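So you can see what is in the structure, the chains are spelled out below.
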Amino acid sequence: MASRKSSRGAGGSPSPGSKRETKHGGSKNGKKEGLSGSSFFTWFMVIALLGVWTSVAVVWFELVDYEEVLGKLGIYDADGDGDFDVEDAKVLLGLKERSVPAQPTSPDSEETIQPADKSHVESEHKNADVELEEEIQSVLHEALHSQPGEGHEDVDESINDQWQEKEEVHGETFEAPTTDDLLRELENEIPEAYETPDSDQKDADLLTDDLGAMESEPYEAPVSYEYDMDVEKTVSDPEAPEDGVHGDYNEDHEPKHEKQTETEDTDEIIEDFDIDKELSVESKHTEDVVANEPEESEMPVQAEDYSNDDLVGKSEKETEQDKTEKAKKKKKPKLLNKFDKTIKAELDAAEKLRKKGKVEEALRAFEELVNQYPQSPRARYGKAQSEDDLAEKMRSNEMLQKAINTYDEVVSLPNVPSDLIKMSLKREADRQQFLGRMRGSLVTLQKLVQLFPSDTSFKNDLGVGYLLIGDNSNAKKVYEEVLSLAPNDGFAKVHYGFILKAENKIAESIPYLKEGLESGDPGTDDGRFYFHLGDALQRMGDKEAYKWYELGYQRGHFASVWQRSLYNVKGLKAQPWWTARETGYTELVKSLEKNWKLIRDEGLAVMDKKRSLFLPEDENLREKGDWSQFTLWQQGRKNENACKSVPKTCALLERFPEATGCRRGQIKYSIMHPGTHVWPHTGPTNCRLRMHLGLVIPKEGCRIRCAQENRTWEEGKVLIFDDSFEHEVWQDAENYRLIFIVDVWHPELTAQQRRTLPAI
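These numbers come from a predicted model, not from an experiment. (Residues numbered from 1 in each chain as written. Predicted model: local features only at pLDDT ≥ 70, side-chain atom pairs only at ≥ 80, totals over all residues. Heavy atoms only, no water.)

**Q** Got a minute to help me understand the side chain of K383 in this structure?
**A** Assignment of secondary structure puts K383 in helix α13 (residues 377-394). Discounting chain neighbours no more than four positions away, the residues touching K383 are L363, F366, E367, V370 and T406. (Helix = DSSP H or I, 4+ residues; strand = E, 2+ residues; numbered from the N terminus. Contact = heavy atoms within 4.5 Å.)

Quick look at the structure:
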C-alpha cells in the first residue's frame, strides 16, 4: 500500500507541490530521469493483478490444502492458543517473547515420558525445538520475501518434513501414560474452580456440577429419565427421620443434565474446565429450592435481625494471592494431544454442531471421527458428550449408559491429556450417580484419586461418594486425610463436621462446621450445614444458632428462620398452628375426636401385652428421658403386623387417604415418660401437617412449642401444627403422656403432587 501511495504521489496524480516544482525549477521539456510516473503505475497494476489472479487460481483449483498446512503449523503454536497465527510467527522470529512460561512437567503436558528416558527425551526434544525454530524462521523469511503466489508449495513441503521429523522423535520416546507419569504431570495441574452447587454449572464444559446425584443404592430408588419430571425431585430413605434431624447424606438432585453453555460464538473447541471441589454438594434437600423470601401467606415471625452480621464468606478485599489463584483457575485445560492437534479443524466442526444443539448431527460427526481415528481421545470424548446430550433430549437411560461407557473408553486410550482424563472420569462418576449406581460411581472416584493423589478435590468427591452409600467411617478417614494435606479446605471441614455431629460429637462438630461455612469455599453453601451448625449450637445453649439460621434463610436454604425444612414444595401456605377448618380435613378430625377412647384403649392394650412393639426414638432428638413409638403407617405403607394389634383403629383410618396415603408422614402412637426433653428441631418437609390426638394426658407438666407459641394437649382433642417449623417438647409431669400422631398431606398440594412426590 505504501508503494501505491507513493507512486500516485509521484506520477498518477501530481500534488500541488510537484506542480510548483516543475514551474519554478523542473525540466522545461517535462521529462524526468528513469520511468515516467504513468508507466511505473501501469507496471505496478499489472504485477498486482497477476498476483491476485495467481492467488485466485491457487484457491479455485485447490493447488494448496490450506487446512492441512494450518493443521501442521499447529505444532508451532508458541502462545498456547491452540493454533498457528501471526503472534506465533512473531515469537518464532524473535520479535516477541513467549507469553506462556515453560511448564516444569514434560515438554508437552498432554503426553508423559517414561522415567528412564525422561532426561534423554528432554534434551532431544529441546534440540528438535531449536532446529525447528531455525527452520521455520528461514521458511517464513522466504515466504515473506517471495512474489505473490509463490512459495506455498515449498512452505507446505518444508512444514511437512518438520512434522514427520518431530513425529519420529515422539514415536521413539513417548508411550501411553502410566499412573506414575500422570501423577508427576499433575503437580502443575489446574486448580479447581468449582462454582456450583449448584451448580449448576453445566455439562462437560462446566463440570460440575454438579452432580445429578440420587438415592443410595441399597434402596434401589434411582432418579432417572423415566422419573416424573414435573414435581419436586427427592428420593428418600425409607428410614427417614420422623422429625428430621436430617442426618442422612443421600444427595438427591434434579434428574436433568446441566445445559451446554456456549462460551463464545466460535468454531473452536472451548472447554472451561472446572473440576468442582464440588461434589456439588448441591443439597439433597433443595429439591425445589425454597423461596428466598417468605411466602405472603406465612405468619410473620418476630426474630432478631442478624442481617448485617458478617459471619460467612471471605473479605471483599482480595489479597494478591487470591487474585493469582483466580487467574490460575481461569487457565484453559489442555484437551488435545499431539495427534488431535492435527485434526483440530474436524474436531472443531463436530463440536460446533454440539454447541448449537444439533445433537444427532454432532454424534454422527464424532462417530465418524472415532471410526477414522480410533486412538483420538478428544474425538471419543466428544462422542461421549454427544451421547450424554442425546440422553437428555430423549430422556433415555439406555443412551446415558452408552455415554458412561464411552467416557470410560476415553481413559483407556494412549496419550490422553491429564485434563481430559479428569473430565471424563468426573463426568462418568456424575452420570453413574444420576442413574443411582452409587457403588459404580465410587469405583470411578477411587480411580480418580489413584491417578491424581495430590488433588484434594477428588478426595473430597470420594468422601461424598462414601457418604452416599452410608459409609461414614471411610468418609471420615478421607476427610481427615484431606485436612492433613489442606488444613483450610472448607469443603472438607463442613463434611467432617457433619460426620462428627452424626456421631453425636456435638461440641467437636461446631468449629468444623463454622469454619467451613465461613470459608465460603465452593460446595459449603448448603442448607444442611447451616441446619446442623445451628442445631449443634442450640444443643450447646448458644444463641448464635439463630444467626446461622438467619443466614441460611437469607441464602435461600430455609423458608424462614423458624421454618427450616429442607424437602420443600414452593408456594405452600406456611404457618405454625392450624385449625381443622383451615386444613379442610374436618371429617378426619371429627372421626378422631369421636373415637379417641377406642384408639386409646387399643394403644394401652399393646402397652400392657406387647410393649416391645413400642420402639425407642432413635434419631437423637432427645436431650434426656424416655420416648417410644408404635408405628401403623409409614411413607404411605401400612404395617400389616402392627395393625393386627389395633384392628379397629386401622379400620377407622382406612377411610382417610389424606392420612394413610401421605407418603411423607407416619401414623403412630407416641408415649413419653416423665423427665423427657426433646431438643428444638424441625421436620424434613413442608408437604405435611401433623395432628396430635390426646389419649392419656397428665394435668400438668406437658407442653409443646411450635415457633414462638406454647400449647398443651387435651384428652380427646386434636392439635394441628406444621412440623416444618421449629418445635420442642417438655414432659415434666409425674406420669406418662400418650398421644396418637396422624400426618396428612398439606391441603394445598395437588392430586398430581400427592401421587408423584417421592416418599420421606
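After that view of the structure, there is still more to cover.
**Q** Explanation requested: the sheet that holds strand β7 (residues 676-681) in the structure shown.
**A** The five strands are arranged β3-β7-β12-β9-β10 in an open sheet whose pairing can be described as antiparallel. Each edge of the open sheet is held by one strand with a lone partner, namely β3 (622-624) and β10 (709-711). Each strand of the sheet is rotated relative to its neighbour by a mean of 20°, with strand direction disregarded. When β7 meets strand β12 (residues 727-731), the two strands line up antiparallel, connected through four bridges. Counterpart to H681 in the pairing with β12 is H727. (Pairing = 2+ DSSP bridges. Axes fitted to C-alpha atoms, helices over the stretch in contact; angles between N-to-C directions.)

**Q** Sorry, what's going on with the nonpolar core here?
**A** In summary, soluble globular proteins display a tendency toward joint burial of nonpolar side chains. Core analysis: the largest hydrophobic core is formed by 79 residues, its most contacted members being Y479 and W713. Contact partners of Y479, with chain neighbours within four places excluded, come to N460, G463, V464, L467, F491, A492, H495, Y496 and I499. Core analysis: the second largest hydrophobic core is formed by 42 residues, L653, I671, V718 and W745 among them. (Core = buried A, V, L, I, M, F, W, Y, C linked by side-chain atoms within 4.5 Å. Buried < 20%, exposed > 50% of the residue type's maximum accessible area, 1.4 Å probe, protein only.)

**Q** What is the right way to read helix α16 (residues 438-451) from this model?
**A** For an α-helix the count is 3.6 residues per turn, leaving residues at separations of three or four pointing the same way. A rise of 1.5 Å per residue sets the reference length of α16, with its 14 residues, at 20 Å; its end C-alpha atoms lie 20 Å apart and thus fit the reference within 8%. Every buried residue belonging to α16 is among M438, S441, L442, T444, L445, L448, V449 and L451, and all of these are buried. (Expected span 1.5 Å × (residues − 1).)

**Q** How should the state of the cysteines be read in this particular structure?
**A** What makes a disulfide is a covalent bond joining the sulfur atoms belonging to two cysteines. For the structure shown, the criterion picks out one disulfide. The disulfide that involves C643 links it to C650, with 2.1 Å between the sulfurs. Taking the torsion about the sulfur-sulfur bond, which here is approximately -80°, the covalent link between C643 and C650 counts as left-handed. Overall, the relative accessible area of 2% leaves C650 in the buried class. With no disulfide of its own, C662 lies 8.6 Å from the sulfur of C687, the closest cysteine sulfur. (Disulfide = S-S within 2.5 Å.)

**Q** Looking at this model, I keep getting lost on the packing of aromatic side chains. Mind explaining?
**A** Aromatic rings in a pair are described by how distant their centres are and how their planes are angled relative to each other. One pass over the full model with this rule turns up 13 aromatic pairs. Here W577 and F721 contribute two aromatic rings whose centre-to-centre distance is 5.7 Å and whose plane-to-plane angle is 55°, an arrangement assigned as tilted. With a gap of 144 residues between them, W577 in strand β1 (residues 577-578) and F721 in strand β11 (residues 718-721) connect regions that are remote in the sequence. Here the two residues W577 and F721 agree in accessibility, since each one is buried. One cation-aromatic arrangement involves K573 over W578; the distance from NZ or CZ to the ring centre is 5.1 Å. (Phe/Tyr/Trp six-rings, centres within 6.5 Å; stacked < 30°, edge-to-face > 60°. Lys NZ or Arg CZ within 6 Å of the ring centre and 35° of its normal.)

**Q** What is the right way to read the pattern of salt bridges from this model?
**A** Pairs can form between side chains of opposite charge once their charged atoms are near each other. What the rule picks out here adds up to 35 salt bridges. We note a salt bridge from K393 to E360, for which the minimum N-O separation is 3.1 Å. Placement of the pair is K393 in helix α13 and E360 in helix α12 (residues 359-372), with a sequence separation of 33 residues. Of the residues examined, E360 reaches a relative accessible area of 33% and is grouped as partly exposed. The closest approach of N and O atoms between K514 and E544, which form a salt bridge, is 3.3 Å. In this pair, K514 is assigned in helix α20 (residues 506-519) and E544 in the loop between α21 (527-539) and α22 (545-554), connecting sequence segments 30 residues apart. One salt-bridge network, held together by shared partners, links E351, R354, R378 and D389. (Salt bridge = Lys/Arg side-chain N within 4 Å of Asp/Glu carboxyl O.)

**Q** What am I meant to see in the environment of Q575 here?
**A** Note that Q575 resides in the loop between α22 and β1. Distance in space between the C-alpha atoms of Q575 and F721 is 8.0 Å, their sequence separation being 146 residues. Looking at Q575, its side chain comes within polar contact range of the side chain of E582, at 3.0 Å. (Polar contact = N/O pair within 3.5 Å; in protein donor to acceptor, adjacent residues only side chain to side chain.)

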